[in-house]
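Geometric and topological summary
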Amino acid sequence: MQRTPPEELIAEAAQNPGGYVYEIDGDLISDPDGYIPPEAIRGAWEVGADGVLTGEYAPNEKHGPPQDDFAYLTEADHWLDWLGDDPASAVRDSVLEVLREQVPEASLRWMKIVAEPRFLTAGRPTPDDPDKLLVTRAALAVSFALGVDSPGDRYEILWGVFSAAVVGLDEPVGRSRIWFDLWTDLDEVEEQLPDRITSF
């Protein structure tokens, strides 16, 4: 497909020989240097080995308002019953609750889990079968990006790591706690999971 690229992409192409440059829909982002939802990409231009656009353009068929994406969480091969019947909703609702603690009228436009979650599970052998484990504690950390609307038509894209832990899974009533670490790397939070799962 042929299309005239924006002038700024012609200059950017020189820095990406043999690759692609992308046109971003500015209405769908809050910071061009921050997280860019896949849906915010209008399309891509091919760059030749000489750093010049070839003229070949591929539109992004998914261009449009960003949508929720929890596939990394819901498709993970890990036990998540402690999050309830709908782990995605449990995480989303917890995140919205955290946001509204800071800005009561905030609304969550979309949320994405952007990497494989990290898990930590602890337990003890069952009395009847020492080879079986009775889970007593569990935790997870998920790297996220989200779009949040605040009063005054303020739209922001935030990213970071959401983590949660539950203890007392072998008791009638367990206890849980969540953490919301903005602008934080997933590896950093994973290192803290052992402490977090024993901190309450």
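Residues numbered from 1 in each chain as written. Predicted model: local features only at pLDDT ≥ 70, side-chain atom pairs only at ≥ 80, totals over all residues. Heavy atoms only, no water.

1. Here's the deal with the packing of aromatic side chains
As enumerated under the stated definition, the model contains five aromatic pairs in all. Where Tyr-35 meets Trp-110, the ring centres are 6.2 Å apart and the plane angle is 35°; that geometry is what we call tilted. Within this pair, whereas Tyr-35 is found in the loop between β1 (20-24) and β2 (41-47), its partner Trp-110 is found in strand β4 (residues 107-113), the two being separated by 75 residues in sequence. The exposure class of Tyr-35 is partly exposed, given its relative accessible area of 22%. Residues Trp-45 and Tyr-57 carry aromatic rings whose centres are separated by 4.3 Å and whose planes lie at 45° to one another, so their mutual orientation is tilted. Taken together, the residues Trp-45 in strand β2 and Tyr-57 in strand β3 (residues 53-59) connect sequence positions 12 residues apart. Assigned by exposure class, Trp-45 and Tyr-57 land together as buried. Above the face of the Tyr-155 ring, Arg-109 is positioned so that its terminal group lies 3.9 Å from the ring centre. (Phe/Tyr/Trp six-rings, centres within 6.5 Å; stacked < 30°, edge-to-face > 60°. Helix = DSSP H or I, 4+ residues; strand = E, 2+ residues; numbered from the N terminus. Buried < 20%, exposed > 50% of the residue type's maximum accessible area, 1.4 Å probe, protein only. Lys NZ or Arg CZ within 6 Å of the ring centre and 35° of its normal.)

Everything listed here is a matter of coordinates, which is why it stays silent on function.
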